[in-house]
Amino acid sequence: MSDVLVAEDLRKTYGDTAALSGVSLSVDAGEVFALVGPNGAGKTTLVRALTGTTDPDSGSVSVFGTDPESADRQRLGLLPQSFSPPARLTPRELVTYYAGLYADSRDPDEILAEVGLAPDDRTRYENLSGGQQRRTCVGTALVNDPDLLFLDEPTTGVDPAGRRALWRLVENLADRGTTVVLTTHYMAEAERLADRVGLLADGELAAVGSPADLVAEYGGPTRLVVETDDETESAASASASASADALAGDDFEVERTDAGLVVHGVAPEDIGRVVGVLDDRGVAYDALTWTEPDLEDVFLQLTGRSMAGRSAADGSEPSGEEIGATGESSGPAVAGGDR
Ligand code: ADP
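All figures in this text were calculated on a predicted structure; none of them were measured in a lab.

Asker: Which residues make up the overall build of the protein, and what values do they have?
Answerer: Helices and strands together make up the secondary structure of the protein, namely 11 helices and 13 strands. Burial statistics for the protein: of 339 residues in total, 43% are counted as buried. Here the analysis covers contacts within the protein between residues at least 6 apart in sequence; of these, 73% occur between residues at least 24 apart.

In structure tokens:
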């Protein structure tokens, strides 16, 4: 596979803020590459530098072997994070308008069907749901059938059903061979869609790799969390201690917490054995939760910070784990093509 996008040592500061502190990456043809990081990590600045919509202070970018300014616009698509198309136009009008900007463009009917808006293609943008609005915007970025498509936070502010529809859309594009570079602060989105992930924190790439490789290298062991029964605290505590000793003797790493026990490194086939030890020692527990490490654990391990915690403190969107609870988008704070 050949690199369609190469960046070397990109740096960009705004006043005292270092938005990019030496980012290097390459993206192969046909790859889905996700830039993941909390708000303020530098994702949008990086996308803007990669697409030639902002000049880095130093470093270089090559798109299809040339600088972004000279790259063939016919082969590039960009959905910026912030763009509000005229709200009184319909998806059909918007897609048709953007298609008209290119010498060679796709059939709007085909695009409207692809983004799942064929039934609502004559509804004004302002009356669409958040997910439909964002899909309309993705549609405007597809009119020239790009070989390389940048999607900056394509699902932020979109409800869970709309998010899943966008995921399927990206998967279909990838199946057709489109190279996709997307940014997200939803770890679950990156795990689902990306061939490779770049974890961005404070303007630096902390790691790049496939989700599976990153989790295997940095995610740490699986965990079985045993929440012990509060009402029988002292008895539970004594039996939990005995269980902890027994499990440690069985080569498990056991951590005592206020809520109970965390048993590290429990393979799925070992869960029954651990539960047997708990039962033998008479541990009363409220809940057992078995979790595999994920990209969130990788981010925590590499940066010492939790994406979720940071996002919550910012008052921003929830992390991947909280996606199911996300409400409907409040409006079109997102969209379209600033080309
Ligand atoms: P992300 O997309 O990951 O949320 P950004 O690239 O938007 O991150 O921002 C990275 C950092 O650069 C943040 O601290 C942000 O406040 C700052 N920044 C971005 N754009 C500007 C700008 N035009 N002027 C001043 N500061 C900016």
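Asker: Which residues make up the packing of helix H7 (residues 211-218) against helix H10 (residues 295-303), and what values go with them?
Answerer: At a closest axis distance of 9 Å, the pairing of H7 and H10 adopts a crossing angle of 50°. Between H7 and H10, the interaxial angle falls into the category oblique. Helix-helix and strand crossings are classified by hand; for H7 and H10 the assignment is left-handed. Touching Pro 211, Leu 214, Val 215 and Tyr 218 of H7 are Leu 295, Val 298, Gln 301 and Leu 302, all from H10. Of the residues belonging to the contact of H7 with H10, the class tally is 7 nonpolar, 1 polar and no charged.

Asker: Explain the site of the ligand to me, and be specific about the residues and the numbers.
Answerer: Around the ligand, the neighbouring residues are Tyr 14, Thr 17, Ala 19, Gly 37, Asn 39, Gly 40, Ala 41, Gly 42, Lys 43, Thr 44 and Thr 45. Of all the secondary structure elements, the ones that give two or more residues to the shell around the ligand are strand E2 (17-28) and helix H1 (43-50). Here the element with the most residues in the shell around the ligand is H1; it accounts for 3 residues. The residue inventory of the shell around the ligand, partitioned by class, reads 3 nonpolar, 7 polar and 1 charged.

Asker: With reference to specific residues and values, describe the packing of helix H2 (residues 91-99) against helix H4 (residues 130-140).
Answerer: The N-to-C vectors of H2 and H4 enclose an angle of 20°; their axes lie 9 Å apart at closest approach. Classified by the angle their axes make, H2 and H4 are roughly parallel. As H2 packs across H4, the resulting crossing turns out to be right-handed. Across from Pro 91, Leu 94, Val 95 and Tyr 98 in H2, the residues of H4 making contact are Thr 136, Gly 139 and Thr 140. Grouping the constituent residues of the contact of H2 with H4 by class yields 4 nonpolar, 3 polar and no charged.

Asker: Let's hear about the nonpolar core: which residues, and what values?
Answerer: Judged by nonpolar contacts, the single largest core of 68 residues is most densely connected at Ala 34, Val 36, Leu 46, Val 138 and Leu 295. Those residues in contact with Val 36, other than ones at most four positions away along the chain, are Thr 184, His 185, Met 187, Ala 190, Val 197, Gly 198, Leu 199, Leu 200 and Leu 295.

Asker: Tell me about helix H5 (residues 160-175), residues and numbers included.
Answerer: The end-to-end C-alpha separation of H5 is 22 Å, in line with the 22 Å expected for 16 residues at 1.5 Å each. Looking at the buried residues of H5, the elements they touch are strand E3 (32-36), H4, strand E6 (148-152), strand E7 (179-184) and helix H6 (187-193). Following H5 by one or two positions, Gly 177 adopts a phi angle in the positive range, close to 95°.

Asker: Quick rundown of unusual backbone geometry? Include the residues and the values.
Answerer: One non-glycine residue, Asp 9, adopts positive backbone phi at about 50°. Positionally, Asp 9 belongs in strand E1 (residues 3-14). What makes Asp 9 partly exposed here is the crowd of 13 C-beta atoms within 10 Å.

Asker: Any chance you could break down the sheet that holds E2 for me, citing the residues and the numbers?
Answerer: Overall, antiparallel pairing links the 3 strands, which are arranged E2-E1-E4 in an open sheet. Edge positions in the sheet fall to E2 and strand E4 (58-63), since each of these pairs with one other strand and no more. Taken over all neighbouring pairs, the strand axes of this sheet differ in orientation by 15° on average, direction set aside. Two strands pair when backbone bridges link them, and E1 and E4 are joined in this way by 5 bridges, in the antiparallel orientation. Paired with Arg 11 across the strands is Ser 58, a residue of E4.

Asker: Tell me what's going on with the environment of Met 307, and back it up with residues and numbers.
Answerer: With respect to the helices and strands, the residue Met 307 is situated in helix H11 (residues 307-314). Note: C-alpha distance between Met 307 and Met 187 (120 residues apart in sequence) is 8.5 Å.

Asker: Describe the sheet that holds E7, and please don't skip the residues or the numbers.
Answerer: Taken in spatial order, the 6 strands of this open sheet run E5-E6-E7-E3-E8-E9, and their pairing is mixed. Each edge of the open sheet carries a strand with a single partner, namely strand E5 (76-79) and strand E9 (204-209). The mean inter-strand angle of the sheet, taken between neighbouring strand axes irrespective of direction, is 15°. Pairing geometry for E5 and E6, over 4 bridges, is parallel. Looking across to E6, one finds that Gly 77 is bridged to Leu 149. Strands in contact with H1 are E3, E6, E7 and strand E8 (196-201); relative to E6, the strand with the most contacts, it is inclined by about 155°.

Asker: Describe in detail the confidence of the model for the protein, supporting the description with residues and values.
Answerer: Taken residue by residue, the protein gives an average pLDDT of 86. The fraction at 70 or more is 88%. Low pLDDT, under 50, characterises residues 310-339; the stretch is placed with 78 contacts to residues that sit more than four places away or in other chains.

Asker: So what's going on with the pairing of strand E12 (residues 260-264)? Residues and values would help.
Answerer: Remark: a regular strand shows side chains that alternate across the two faces of the sheet. Pairing geometry for strand E10 (residues 223-228) and E12, over 5 bridges, is antiparallel. Note on E12: the bridge partner recorded for Leu 224 is Val 263. Pairing between strand E11 (residues 253-257) and E12: 5 bridges, direction antiparallel. Across the sheet, the residue bridging to Arg 256 is Leu 261, located in E12.

Conventions and cut-offs
Residues numbered from 1 in each chain as written. Predicted model: local features only at pLDDT ≥ 70, side-chain atom pairs only at ≥ 80, totals over all residues. Helix = DSSP H or I, 4+ residues; strand = E, 2+ residues; numbered from the N terminus. Buried ≥ 20, exposed ≤ 12 C-beta atoms within 10 Å, placed from the backbone. Contact = placed C-beta atoms within 7 Å. Axes fitted to C-alpha atoms, helices over the stretch in contact; angles between N-to-C directions. Parallel < 35°, antiparallel > 145°, perpendicular 65-115°, else oblique. Left-handed = near helix turned anticlockwise from the far one by under 90°. Nonpolar A, V, L, I, M, F, W, Y, C, P; charged D, E, K, R; others polar. Near = placed C-beta within 6 Å. Core = buried A, V, L, I, M, F, W, Y, C linked by C-beta atoms within 7 Å. Expected span 1.5 Å × (residues − 1). Pairing = 2+ DSSP bridges. pLDDT = per-residue confidence, 0-100.

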